[in-house]
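Geometric and topological summary
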Amino acid sequence: MTVVAPANVVYDVVQTPIDRLVVASDGSAIVGVWMANAEPDDRRWADRCGTDFLLDEARRQLVAYFAGRLRAFDVPLAPNGTDFQRRVWSALREIPFGTTVSYAELARRVSSATAVRAVGAANGRNPIPIIVPCHRVVGSDGSLTGFGGGLPRKQWLLRHEAAQGELAI
């Protein structure tokens, strides 16, 4: 996936156990987290590489999450999407660490019980994965389905949270 960031956005790269994460800030909120599946194209990102207070705080919290010391992120977020998508992403933030919900349950939580596919599509377009925990949504039978970072990463994240004592996968 090609990531195109607005000119006022700066990014930093955070090394994690599931690969590098590109974290973007617009100076007032975190606007994106992308999984770096390959080496970044330095020519495309060089003029946007930097840091600000939000990127420093996001880095600190991501490092603490992956070290098992953080269960809930607390950084300002500004995901770009439709009103419906933002409702779904807000509901994702309400899923407690170490738990999962089905797409059907998530649809009920956003008052759109018949819109399971639309909820799944919104979940898949989450621009701030991990911080907005879309990995905590599973199929109705508990199966691992869909994750922009790939199912092995989703499984890793869920096992990581289970290792903290609350989730059995």
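Throughout what follows, the structure given in this document is the object of discussion. (Residues numbered from 1 in each chain as written. Predicted model: local features only at pLDDT ≥ 70, side-chain atom pairs only at ≥ 80, totals over all residues. Heavy atoms only, no water.)

1. As for the side chain of Arg136
For Arg136, the position within the fold is in the loop between helix H5 (116–124) and strand E5 (137–138). A polar contact is formed between the side chain of Arg136 and the side chain of Glu161, at a distance of 2.9 Å. Not counting the four nearest positions on each side in its chain, Arg136 is found in contact with Arg71, Ile95, Pro96, Phe97, Gly98, Thr99, Thr100, Val101, Leu158 and Glu161. (Helix = DSSP H or I, 4+ residues; strand = E, 2+ residues; numbered from the N terminus. Polar contact = N/O pair within 3.5 Å; in protein donor to acceptor, adjacent residues only side chain to side chain. Contact = heavy atoms within 4.5 Å.)

2. Some details on the pairing of strand E1 (residues 10–16)
Of the pairings in the sheet, the one linking E1 to strand E2 (residues 19–25) comprises seven bridges and is antiparallel in character. Paired with Val10 across the strands is Ser25, a residue of E2. Linking E1 to E2, which pair antiparallel, is a turn of two residues. (Pairing = 2+ DSSP bridges.)

3. Some details on the pattern of salt bridges
Two side chains that carry opposite charge are able to pair once their charged atoms sit near each other. In this structure the tally under the stated criterion is seven salt bridges. For the salt bridge of Arg86 with Asp83, the shortest nitrogen-to-oxygen distance reads 2.5 Å. Of this pair, Arg86 and Asp83 both sit in helix H3 (residues 83–92), three residues apart, which is roughly one turn of that helix. Overall, Asp83 belongs to the exposed group, its relative accessible area being 58%. (Salt bridge = Lys/Arg side-chain N within 4 Å of Asp/Glu carboxyl O. Buried < 20%, exposed > 50% of the residue type's maximum accessible area, 1.4 Å probe, protein only.)

4. Examining the packing of H3 against H5
Direction vectors running N to C along H3 and H5 enclose 75 degrees, while the axes themselves pass 9 Å from each other. When the interaxial angle is binned, H3 and H5 end up roughly perpendicular. Of the residues in H5, those in contact with Phe84, Gln85, Val88, Trp89 and Leu92 of H3 are Ala118, Val119, Ala122 and Asn123. Here the residues of the contact of H3 with H5 are counted per class, giving seven nonpolar, two polar and no charged. (Axes fitted to C-alpha atoms, helices over the stretch in contact; angles between N-to-C directions. Parallel < 35°, antiparallel > 145°, perpendicular 65-115°, else oblique. Nonpolar A, V, L, I, M, F, W, Y, C, P; charged D, E, K, R; others polar.)

5. Structural notes on the packing of aromatic side chains
Each aromatic ring pair is summarised here by two numbers: the centre-to-centre distance and the angle between the ring planes. What the rule picks out here adds up to four aromatic pairs. Ring centres 5.1 Å apart and planes at 85 degrees place the aromatic pair Tyr65 and Phe66 in the edge-to-face group. The burial state of Tyr65 is the same as that of Phe66; both residues are buried. Plain terms: the ring middles of Phe66 and Trp156 are 5.8 Å apart, the flat faces sit at 40 degrees to each other, and that makes the pair tilted. Here Phe66 is found in helix H2 (residues 53–66), whereas its partner Trp156 is found in helix H6 (residues 151–163), with 90 residues between them in sequence. Of the residues examined, Phe66 reaches a relative accessible area of 11% and is grouped as buried. A relative accessible area of 30% means that Trp156 is categorised as partly exposed. Every member of this aromatic cluster is reached through a ring pair, and the members are Tyr65, Phe66, Phe73, Phe97 and Trp156. (Phe/Tyr/Trp six-rings, centres within 6.5 Å; stacked < 30°, edge-to-face > 60°.)

6. Brief notes about the sheet that holds strand E3 (residues 30–36)
Read across the open sheet, the three strands follow the order E1-E2-E3; overall the sheet is antiparallel. Looking along the sheet, the strands with just one partner apiece sit at the ends: E1 and E3. Going from strand to strand, the sheet's axes swing by 20 degrees on average, the running direction of each strand aside. Relative to E1, H2 is tilted by about 15 degrees, and along the sheet it contacts E1, E2 and E3.

7. Focus: H5
Within H5, burial applies to Val119, Ala122 and Asn123. The buried residues of H5 occupy an angular sector of 100 degrees when projected down its axis, which confines them to one face. Turned more than 90 degrees off the buried face of H5, the exposed positions are Arg117 and Gly124. Looking at the buried positions of H5, the neighbouring elements they touch are H3, helix H4 (103–109) and E5. (Arc of directions from axis to C-beta.)

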